[in-house]
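Residue-level listing of the chains:
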Amino acid sequence: MAGIKGLVSLAFAGSIGMTFVILACALPQYKLWWPFFVVLFYILCPIPTMIARRHTDSAGGTNSPCMEAAIFITMGILVSSFALPIVLARASVIQWGACHLTLAGNVIVYLTVLGFFTIFDMDDSDYAMW
């Protein structure tokens, strides 16, 4: 039952992170939807790691060149999702308040993604079969 509570709390945290991103776009003083493009990075971020996990040996560990390249690409996507709102705010496309809300949403969403990968990597969990 503890696994279900963890999964529900991670889903709740992810929804709070997305709420911050939507607030950065939809509040009346901001009214621009440019920060919402970070959702594309949320979708793209775990894909290289998931592909690399499928193509590496389970006994080989995480030191394969395929996994190292996937981690490098994933970190590039992650850094880009933090850089986009900062660049937009520096160019005066969005306001700094929207930038801060987007960055707070980024932190929460990426911690949630890390939590999901941690739960799915546990061998004693029922979710490991996914």
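Residues numbered from 1 in each chain as written. Predicted model: local features only at pLDDT ≥ 70, side-chain atom pairs only at ≥ 80, totals over all residues. Heavy atoms only, no water.

## Things to note about the overall build of the protein
Reasoning step 1: Along its length, the protein carries 5 helices and 0 strands.
Reasoning step 2: Along its sequence from the N terminus, the protein presents helices and strands in the succession α-α-α-α-α.
Reasoning step 3: Burial analysis of the protein (130 residues in total) assigns 34% to the buried set.
Reasoning step 4: With an accessible surface of roughly 8200 Å², the protein has 72% of that area assigned to carbon and sulfur atoms. (Helix = DSSP H or I, 4+ residues; strand = E, 2+ residues; numbered from the N terminus. Buried < 20%, exposed > 50% of the residue type's maximum accessible area, 1.4 Å probe, protein only. Areas by Shrake-Rupley, 256 points an atom, 1.4 Å probe, with all protein chains shown as cover.)

## A look at the UniProt feature "transmembrane region" (unreviewed entry) in the protein
Reasoning step 1: Listed under "transmembrane region" (unreviewed entry) in the UniProt record, and renumbered for this structure, are residues 6-25, 32-51, 71-89 and 101-120.
Reasoning step 2: A helix fraction of 60% and a strand fraction of 0% characterise residues 32-51, whose end C-alpha atoms lie 34 Å from each other.
Reasoning step 3: The span residues 101-120 is 100% helical and 0% strand by assignment, and the distance between its end C-alpha atoms comes to 29 Å. (UniProt positions renumbered as here; feature names shortened; annotations may be inferred.)

## Here's the deal with the packing of aromatic side chains
Reasoning step 1: All chains considered together, the criterion is met by 4 aromatic pairs.
Reasoning step 2: Between Y42 and Y110 the ring centres are 5.5 Å apart and the planes differ by 85°, which places this aromatic pair in the edge-to-face class. Here the residue Y42 occupies a position in helix α2 (residues 38-44), and Y110 occupies one in helix α5 (residues 96-121), the gap between them amounting to 68 residues. For the residue pair Y42 and Y110, the accessibility class agrees, reading buried in each case.
Reasoning step 3: Here F82 and Y110 contribute two aromatic rings whose centre-to-centre distance is 6.0 Å and whose plane-to-plane angle is 35°, an arrangement assigned as tilted. Of the two residues, F82 sits in helix α4 (residues 65-90) while Y110 sits in helix α5, which places them 28 residues apart along the sequence.
Reasoning step 4: Linked through ring pairs, Y42, F82 and Y110 together constitute an aromatic cluster. (Phe/Tyr/Trp six-rings, centres within 6.5 Å; stacked < 30°, edge-to-face > 60°.)

## Considering the packing of α4 against α5
Reasoning step 1: Two elements in contact, α4 and α5, have axes separated by 8 Å at closest approach and are oriented at 170°. Taken together, α4 and α5 sit at an angle that is classed as roughly antiparallel. For the pair α4 and α5, contact is made by I77, L78, S81, F82, P85, I86, A89 and R90 and by W96, C99, T102, L103, N106, V107 and Y110, respectively. (Axes fitted to C-alpha atoms, helices over the stretch in contact; angles between N-to-C directions. Parallel < 35°, antiparallel > 145°, perpendicular 65-115°, else oblique. Contact = heavy atoms within 4.5 Å.)

## Some remarks on the packing of helix α3 (residues 47-55) against α4
Reasoning step 1: Two elements in contact, α3 and α4, have axes whose closest approach is 8 Å; the angle formed by their N-to-C orientations is 170°. Considering the angle they form, α3 stands roughly antiparallel to α4. Touching P48, T49, A52, R53 and H55 of α3 are C66, M67, A70, I73, T74 and I77, all from α4.
Reasoning step 2: Residue composition of the contact of α3 with α4, by class: 7 nonpolar, 3 polar and 1 charged. (Nonpolar A, V, L, I, M, F, W, Y, C, P; charged D, E, K, R; others polar.)

## Details of α4
Reasoning step 1: The first and last C-alpha atoms of α4 sit 37 Å apart over 26 residues, in line with the 38 Å expected at 1.5 Å per residue.
Reasoning step 2: Along α4, the helix axis deviates most sharply at A83, where the bend reaches about 30°; the proline P85 sits within four residues downstream.
Reasoning step 3: Listed as buried for α4 are M67, A70, T74, I77, S81, P85, L88 and A89.
Reasoning step 4: In this structure, the buried residues of α4 make contact with α2, α3 and α5. (Expected span 1.5 Å × (residues − 1). Bend = angle between axes of the 7 residues up to and from the residue.)

## Comments concerning unusual backbone geometry
Reasoning step 1: One non-glycine residue, K31, lies in the positive phi region at around 55°.
Reasoning step 2: Even without a glycine there, the phi angle at S92 is positive, about 60°.
Reasoning step 3: Mapping S92 onto the fold places it in the loop between α4 and α5.
Reasoning step 4: For S92, a relative accessible area of 64% puts it in the exposed group.

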